[in-house]
Amino acid sequence: MSDDATDDQAPPPGARGLAEATAREAGAILRERLGGVRDVQFKGLVDLVTDADRAAEALIGERIKGAFPGHRFVGEEGTRGVEAEAGAAFGWIVDPLDGTTNYAHAYPHFAVSIGLEHDGKVVLGVVYDPMRDELFAAERGRGATLNGAPLRVSAEETLIGSLLATGFPYDPALRAEGLAVWGDLMHRCQGVRRDGSAALNLAYVAAGRLDGFYERPLQPWDMAAGTLLVEEAGGTVTRYDGGPFDPYGREAVATNGALHAPLLEVVARHAPDLVPTSPGLPS
Ligand code: IPD
Ligand code: CA
Ligand code: CA
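Within each chain, residues carry numbers counting from 1 in the order of the written sequence. The order in which chains are written sets their letters, starting at A; the order in which ligands are written sets their numbers, starting at 1. Local features in this predicted model are restricted to residues whose pLDDT is 70 or higher, and side-chain atom pairs enter the listing and the counts only when it is 80 or higher, whereas totals over whole chains, interfaces and linings include all residues. With hydrogens and water excluded, all non-hydrogen atoms of the structure serve as input to the side-chain values.

*Asks:* Can you help me understand the packing of helix H1 (residues 15-33) against helix H2 (residues 51-67) in this one?
*Replies:* For any two helices packed against each other, one specifies the inter-axial angle together with the distance between the axes. Between H1 and H2, the shortest axis-to-axis distance is 9 Å and the interhelical angle comes to 160 degrees. Considered as vectors, H1 and H2 are oriented roughly antiparallel to each other. Note that H1 runs across H2; the crossing there is right-handed. Facing Leu 18, Thr 22, Glu 25, Ala 26, Ile 29, Leu 30 and Arg 33 of H1, the residues of H2 in contact are Asp 51, Ala 52, Ala 55, Ala 56, Leu 59, Ile 60, Arg 63, Ile 64 and Ala 67. The axes are straight lines fitted to the C-alpha atoms, using for helices just the contacting stretch, and the angles between their N-to-C directions are given from 0 to 180°. We count a stretch as a helix when DSSP gives it H or I for four or more residues in a row; a strand needs E for two or more, and each element gets its number in order from the N terminus. For this classification, under 35 degrees means roughly parallel, over 145 means roughly antiparallel, 65 to 115 means roughly perpendicular, and everything else is oblique. Crossing handedness follows the turn of the near helix against the far one: under a right angle anticlockwise gives a left-handed crossing, and clockwise gives a right-handed one. Residues are treated as being in contact if the distance between any of their heavy atoms lies within 4.5 Å.

Here it is, written out as structure tokens:
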């Protein structure tokens, strides 16, 4: 559990219950529609969006903006709330369907991800897997839970004993770094999973099912909720250069803590931009 919570960073009353109920409701839409005839559209060469993503986001937007009209809101599929200029300190960050490529193939591994940040710091995170009925939730300073039971990251201390996960960007031109890190790590750990949902990867690090996760570039909605789960389960989340995590910073390395330095070290070997800006990291 992180110890940097203050009362003014606490989610407003009702926010957690609403996020949990809404994630379950949106998850039910996804579960019911799985395997049906999909209206699949392409945002890029292999970047999909389906009618289910849009239906789930419409529901989440309606519920959350209805309850908190003065909050900012960013949904992956375009739903927006008031802008920061309106003085809104709280901002919701929503991925209605994380794992949409899996979903479009009826591969049953995907999640709803709902995060809430306060002045850029995530204070509430909910990740819901509707196929396993697993609801991961965390509030800053209050720990992380899975269906109400406390979560704790793994105790693994060696890379060679670890199971990791990552993902790759939709744009093939951006995959070289991730493939190089993957190739290196595959000789140094028990496995590096690529199972198509960053939000579930992070939830699994929090649950001790995985020992670490890294990926870039990511979007805020892929990682906002999941990174808080990891921190609140006792793990560590940073940028690739080891600096403080930023939900809008497009990257995350998340581990059980013990494996953080070793994982950063391998990642940095294949991330040339980190060498000049991070003299403390090995070249
Ligand atoms: C994607 C998943 C995937 C990750 C990609 C994300 P989407 O989100 O989280 O695991 O590797 O970077 O874009 O498009 O399925 O919501
Ligand atoms: Ca996503
Ligand atoms: Ca998505």
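*Asks:* Sorry if this is basic, but what is going on with the coordination of the calcium ion (ligand 2) here?
*Replies:* Four donors placed tetrahedrally about a metal ideally form angles of 109.5 degrees, and six donors placed octahedrally ideally form angles of 90 or 180 degrees. Note that water is not among the atoms considered, so a metal site may appear incomplete; the donors listed are N, O and S atoms within 2.8 Å of the metal, with 3.2 Å applied to Na, K and Ca. Taken together, Asp 95 (OD), Asp 98 (OD) and Asp 222 (OD) make up the protein donors of the calcium ion (ligand 2), found 2.1 to 2.2 Å from the metal. Taken in sequence order, the residues that donate to the calcium ion (ligand 2) follow the motif D-x2-D-x123-D. In this structure the calcium ion (ligand 3) is found 3.7 Å away from the calcium ion (ligand 2), and Asp 95 serves as a bridging donor for the pair. Here Asp 95 matches Asp 98 in class, with each residue buried. Exposure categories follow from relative accessible area, calculated using a 1.4 Å probe and restricted to protein chains: below 20% of the type maximum is buried, above 50% is exposed, and the middle band is partly exposed.

*Asks:* What exactly am I supposed to notice about the pairing of strand E6 (residues 121-129) here?
*Replies:* Regular strands show a simple pattern: their side chains alternate between the two faces of the sheet. Of all nine residues that make up E6, eight are buried, and the element is covered over most of its length. The pairing criterion is simple: DSSP has to find at least two bridges between the two strands. As paired strands, strand E5 (residues 111-118) and E6 are joined by seven bridges and run antiparallel to one another. By the bridge assignment for E6, Ile 114 is matched with Val 126. Where E5 folds back on E6, the antiparallel hairpin that results is connected by two residues, among which Asp 119 adopts a positive phi of roughly 50 degrees. In this structure, E6 lies alongside strand E7 (residues 134-139), joined through six bridges in antiparallel fashion. Across the sheet, the residue bridging to Tyr 128 is Leu 135, located in E7. Remark: four residues form the turn of the hairpin made by E6 and E7, two consecutive strands paired antiparallel; Asp 133 in that turn has positive phi of roughly 50 degrees.

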